[in-house]
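Topology and contacts: notes
Listed below are the residues making up each chain.
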Amino acid sequence: MIWALLLVPALSGLVAFFLRSDGLRRTLLVLATAAHSALVITAWLTAPDCSAMGGWLALDAAGILFLGITSALFLAGALYAIGYLSEEGQHHRTDIEEGFLFKNYPEATFTGCLLLFLSTMTLVAVAQHVGLLWVGVEATTLTTAPLIYFHRHHRSLEAAWKYLLICSVGIGLALLGNFFLAAATAKFQAGHPLHLVFPELVEHARDLDPTWLRAGFLMVLVGYGTKMGLAPLHTWLPDAHSEAPSVVSALLSGALLNCAFLAILRMHGVLVAAGLGAFSQDLLVMFGLVSMTLAAFFIVGQLDFKRMLAYSSVEHVGILALGVGLGGVAGVGSMLHAVNHSLTKGALFLAAGNILAAYRTKSTREVRGVVSVLPVTGVLWVAGFLAITGTPPFGVFQSELMILKGAVDAGRLWVAALYLLLLGVVFVGMARIVIRMAYGHPAGLKGLKETGGWSATTGGRREARWSIVPPMLLGAAVLGLGLYVPPVLQDLIEAAAAALGAKG
Amino acid sequence: MQAWLDTLVVLLILTNLRLVGSSRLFACVRTVAVQGLLLGLLPVLVQWNTLTWRPALLAAGSTFLKAGVFPWLLRRAVRDVGLRREVDPVVGYSTSLLITMGLLGVTLYLGQRLPPAGLFESQLMTPVAIFTILVGLFLIVARRTAVMQVLGYLAMENGIYAFGMALAVEEPVLVELGILLDVFMGVFVMGIAIFNISREFDHIDTDRLSVLKD
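Thresholds, definitions, all that
- Residues numbered from 1 in each chain as written.
- Chains lettered and ligands numbered in written order.
- Predicted model: local features only at pLDDT ≥ 70, side-chain atom pairs only at ≥ 80, totals over all residues.
- Heavy atoms only, no water.
- Helix = DSSP H or I, 4+ residues; strand = E, 2+ residues; numbered from the N terminus.
- Buried < 20%, exposed > 50% of the residue type's maximum accessible area, 1.4 Å probe, protein only.
- Contact = heavy atoms within 4.5 Å.
- Lys, Arg positive; Asp, Glu negative; His and termini not counted.
- Charge placed at Lys NZ, Arg CZ, Asp CG, Glu CD.
- Buried area = accessible area lost by both parts, 1.4 Å probe.
- Salt bridge = Lys/Arg side-chain N within 4 Å of Asp/Glu carboxyl O.
- Polar contact = N/O pair within 3.5 Å; in protein donor to acceptor, adjacent residues only side chain to side chain.
- Nonpolar A, V, L, I, M, F, W, Y, C, P; charged D, E, K, R; others polar.
- pLDDT = per-residue confidence, 0-100.
- 1 Å grid on protein atoms, 1.4 Å probe; cavity = no way out; pocket = protein on both sides within 12 Å on 5 of 7 lines; lining within 4 Å.
- Points joined across faces, edges and corners; volume = space filled by probe spheres on them.
- Core = buried A, V, L, I, M, F, W, Y, C linked by side-chain atoms within 4.5 Å.
- Pairing = 2+ DSSP bridges.
- Phe/Tyr/Trp six-rings, centres within 6.5 Å; stacked < 30°, edge-to-face > 60°.
- Axes fitted to C-alpha atoms, helices over the stretch in contact; angles between N-to-C directions.
- Parallel < 35°, antiparallel > 145°, perpendicular 65-115°, else oblique.
- Left-handed = near helix turned anticlockwise from the far one by under 90°.

**A short note on the overall build of chain A**
A count of helices and strands for chain A gives 20 helices and 5 strands. Taken along the three principal axes of its C-alpha coordinates, chain A extends 80 × 55 × 40 Å. Here chain A holds 504 residues, and the buried ones make up 64% of them. In chain A, of all internal contacts separated by at least 6 residues, the share reaching a separation of at least 24 is 80%. Taking the average place of the 30 positive charges on the side chains of chain A and the average place of its 27 negative ones, the gap between the two points comes to 8 Å.

**Some details on the interface of chain B and chain A**
Taken residue by residue, the interface counts 43 residues in chain B and 42 residues in chain A. For the pair chain B and chain A, the summed buried area comes to about 3700 Å², and 75% of that belongs to carbon and sulfur atoms. Three residues stand out in chain B for area buried against chain A, namely D182(B), L212(B) and D214(B), and they jointly supply 19% of the buried area on that side. Joining chain B to chain A, the criterion identifies 0 salt bridges. Across the contact surface, chain B and chain A share 0 residue pairs in polar contact (both at pLDDT 80 or more). Secondary-structure elements contributing two or more residues to the side of chain B that touches chain A are helix 5 (125-142), helix 6 (146-166) and helix 7 (173-201) of chain B. In terms of residues, the side of chain B that touches chain A owes the most to one element, helix 7 of chain B, which gives 17 residues. When its residues are assigned to classes, the side of chain B that touches chain A shows 29 nonpolar, 7 polar and 7 charged.

**Thoughts on the confidence of the model for chain B**
Should pLDDT be low for a region, the predicted coordinates there are not to be read in detail. Scored by pLDDT, chain B comes out at a mean of 84, with 95% of its residues at no less than 70. For chain B, per-element mean pLDDT is lowest for helix 7 of chain B, which scores 83, and highest for helix 5 of chain B, which scores 91.

**Observations concerning empty space enclosed by the protein**
Residues and elements named next belong to chain B. Counted under the stated rule, the structure contains 2 cavities of 30 Å³ or more. Taken as a whole, the largest cavity spans an internal volume of roughly 50 Å³. Elements with a contribution of two residues or more to the lining of the largest cavity: helix 2 (25-46), helix 3 (53-81) and helix 6. With 3 residues, helix 6 is the single largest residue contributor to the lining of the largest cavity. The class makeup of the residues in the lining of the largest cavity is 4 nonpolar, 2 polar and 2 charged. Taken as a whole, the second largest cavity spans an internal volume of roughly 40 Å³. The residue inventory of the lining of the second largest cavity, partitioned by class, reads 7 nonpolar, 1 polar and no charged.

**Notes on unusual backbone geometry**
All names here are of chain A. Residue A231 is joined to P232 through a cis peptide bond whose omega torsion reads 0°. For the peptide bond that leads from P392 to P393, omega is 5°, which places it in the cis range. Within the secondary structure, P393 sits in the loop between helix 15 (375-388) and helix 16 (395-409).

**So, the layout of surface pockets**
What the largest pocket holds in volume is close to 1100 Å³. L116(A), T120(A), A139(A), T143(A) and L181(B) are, among the 38 residues lining the largest pocket, the residues nearest its centre. When residues of the lining of the largest pocket are traced back to their parent elements, those giving at least two are helix 1 (2-18), helix 4 (107-126), helix 5 (130-148) and helix 6 (154-184) of chain A together with helix 7 of chain B. It is helix 7 of chain B that contributes the most residues to the lining of the largest pocket, 10 residues altogether. Residues of the lining of the largest pocket, tallied by class, amount to 30 nonpolar, 7 polar and 1 charged.

**With respect to the nonpolar core**
Looking at soluble globular proteins, one finds that nonpolar side chains tend to be buried together. Residue and element names in this part refer to chain A. One finds W161, Y224, M335 and W381 to be the most contacted residues of the largest nonpolar core, which totals 254 residues. Broken down by element, the residue count for this core peaks at 19 residues, all from helix 6. Not counting chain neighbours up to four residues away, the residues in contact with W381 comprise F305, M308, L309, L348, A351, A352, I355, V434 and M437.

**What to know about the pairing of strand 4 (residues 101-104) of chain A**
Residue and element names in this part refer to chain A. Here strand 4 shows one buried face, formed by F102 and N104, and one open face, formed by L101 and K103. Of the strand pairs in this sheet, strand 3 (residues 93-94) and strand 4 are connected by 2 bridges, and their pairing is antiparallel. The residue bridging R93 from the neighbouring strand is F102, located in strand 4. The antiparallel pairing of strand 3 with strand 4 creates a hairpin that spans 6 residues between the two strands, and G99 there sits at a positive phi of about 80°. Bridge count between strand 4 and strand 5 (residues 151-152): 2 bridges; the pairing is antiparallel.

**Re the confidence of the model for chain A**
Looking at chain A, pLDDT values average 89 and 95% of them are 70 or higher. Averaged over each element, pLDDT in chain A is lowest for helix 18 (residues 446-451) of chain A (66) and highest for helix 12 (residues 305-326) of chain A (95).

**Considering the packing of aromatic side chains**
Taken as a whole and judged by the stated rule, the model has 16 aromatic pairs over all chains. With a centroid separation of 6.5 Å and an interplanar angle of 70°, the aromatic rings of F217(A) and F279(A) are classed as edge-to-face. Here F217(A), found in helix 8 (residues 210-228), pairs with F279(A), found in helix 11 (residues 277-299); they are 62 residues apart in sequence, far enough to count as distant. Residue classification places F217(A) among the buried residues on the basis of a relative accessible area of 0%. Both rings, one in F70(B) and one in F184(B), keep their centres 6.4 Å apart while their planes meet at 10°; by these two values the pair is stacked. Residue F70(B) is located in helix 3, and its partner F184(B) is located in helix 7; the two are separated by 114 residues in the primary sequence. Taking the relative accessible area as the measure of exposure, F70(B) reaches 2% and is therefore buried.

**Let's talk about the packing of helix 10 (residues 246-273) of chain A against helix 12 of chain A**
Residues and elements named next belong to chain A. At a minimum axis separation of 11 Å, helix 10 and helix 12 run at an interaxial angle of 20°. Here helix 10 lies roughly parallel to helix 12, going by the angle between them. As for the relative orientation of helix 10 and helix 12, their crossing is right-handed in sense. Between helix 10 and helix 12, the contacting residues are S246, S249, S253, L257, N258, F261, L265 and H268 on the first element and K306, S313, V317, L320, A321 and V324 on the second. In the contact of helix 10 with helix 12, the residues fall into 7 nonpolar, 6 polar and 1 charged.

Quick look at the structure:
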């Protein structure tokens with residue numbers, strides 16, 4: 001089962017590099033991601049509790065939860081990508097901001113890297129060995145760098161370079177953290193050495209050396225925190241998200257950040273089991289609040305709508321860390337929030353891609369009247385904004401409420417007050433941008449004229465089905481989760497939170 | 001054996017100093033290659049009496065990559081770019097050397113106070129490993145050219161590897177191979193990126209990659 005999960009996308013990714021026919025390659029992309037989703041659902045519902053390589057790879061509740069998010073988002077992304085890729089083509093194109101000509105990276109490389117990306121993220125989700133987890137997280141960096149550089153021009157190159165260097169260095173520090181963790185097990189080496197596998201570490205957590213363990217967590221938090229986008233280590237994130245194609249942004253925000261979060265959580269679980277939960281929780285709360293504050297500052301008055309979404313991701317990553325740091329109900333809320341945020345942000349980025357294609361600008365000032373130009377995308381854009389800022393009845397509202405309840409339960413009223421204040425600031429900041437973009441009169445906008453997207457007589461243009469169905473499905477899922485969380489999912493979230501020490 | 005080990009560790013310090021003090025890119029690539037070779041010799045010396053084929057093969061593999069493949073890749077990148085030296089670094093070379101000496105002093109001082117861990121015989125090993133990591137990080141922030149930053153990344157990776165050795169962390173073969181593969185792919189992808197940067201901009205000064213900001 002695990003091998004199938006890993007190998008289906010990996011092998012199809014390798015095949016995609018060499019397929020000549022565009023049609024075949026796109027079919028392969030959808031088939032492979034659909035097969036991956038089917039496997040995840042089977043694993044989830046039948047709970048075969050499978051493991052491979054002597055327990056180094058295993059599917060536990062947390063793994064299935066994060067794998068499920070990744071897979072769902074990838075399926076939506078793959079469907080969107082087919083239309084997107086045929087629209088993009090391989091000819092020379094004019095840059096929307098500076099007007100020079102550029103060519104896209106070959107589509108075969110794009111599809112291949114996309115599938116390998118899915119495979120490496122699966123490895124992160126199922127890896128139980130500290131070292132394998134590291135290998136997986138670093139591999140995700142390497143497979144996504146070419147995706148960010150899909151539009152071959154200087155801005156995307158700058159973004160890809162920053163991403164590559166900052167994340168590689170950060171993840172290098174996480175490797176140091178792994179060595180610290182190994183040093184914490186030094187006591188065992190004389191008798192029978194302890195394998196650095198998470199279940200075993202949790203079991204013997206009390207016998208680990210606390211000093212090395214603390215140092216190890218710190219390094220892992222900083223290292224994987226860079227990848228997750230926790231402020232002040234987030235500097236690569238807005239650049240990469242704004243320059244990458246919108247499908248890739250959706251996957252980076254919705255899936256990749258979560259995977260890095262899972263890596264931190266596994267380590268957190270060890271610390272909680274060792275009785276050092278207070279140490280790691282305080283750090284998580286601190287990083288969480290810093291991320292939320294910084295994101296709020298940059299969202300207000302943001303001029304680029306994809307960067308606005310990127311900073312919103314920094315904010316939500318902060319909320320995730322905060323929830324786990326608070327523990328109790330907030331920890332469970334944080335797991336639910338990971339699901340909600342990914343789905344919502346995926347829908348928003350795909351909608352942003354549609355807006356970008358029609359208006360040919362990322363500037364928030366040159367987009368007006370999305371609702372009349374692109375009726376479905378416009379509604380999605382507004383609904384997505386309401387969902388992501390925690391307006392009922394969407395799922396995000398429920399998970400953010402649980403985190404607030406956790407803060408109040410823990411008696412940390414200052415944290416709760418700051419949390420509410422920052423959510424409020426982000427709501428107002430995003431509302432100003434999104435509402436102005438959605439309504440108003442679209443006549444006379446430079447980008448629209450070029451694409452011929454709108455005229456006063458005929459109104460809006462027809463939107464392609466591929467561009468609206470995937471974000472609509474994601475949006476519907478968020479709405480559904482706000483109204484009713486199925487017991488299967490509820491159990492899974494509870495189990496994941498308990499296993500990762502998020503309840504602690 | 002102890003004398004040999006200490007010699008190696010001192011040589012490691014010297015490679016770091018040369019890396020920080022030299023402006024010539026080819027010389028720096030060579031220095032990192034020497035560093036890789038020294039690190040490859042270390043495990044062999046540490047476990048001289050109990051050496052088995054497994055760590056020996058791994059050491060040989062990592063030496064081959066770090067002293068052979070990476071320098072080859074980077075040398076090609078430098079040749080393609082047609083740039084021979086880093087003319088105007090963020091921090092000047094003499095200042096860099098002074099800072100590095102300061103770092104060395106601090107790490108040696110702190111090294112005496114660290115809790116003892118692992119089975120390594122040389123007292124210098126842990127502080128020098130941390131020193132190498134810091135030198136790598138320093139190079140990444142204090143140099144402009146992309147090649148020097150990749151060299152900094154490699155020095156940092158070397159330092160982490162040395163640290164693992166100092167703590168006698170025994171990673172399973174598979175994980176070790178995975179780490180090597182990742183570092184290899186990392187350098188490979190960075191090499192491609194450098195090539196693209198030089199083609200796109202006619203230079204590889206990363207501080208001029210500054211269009212994207214808020």
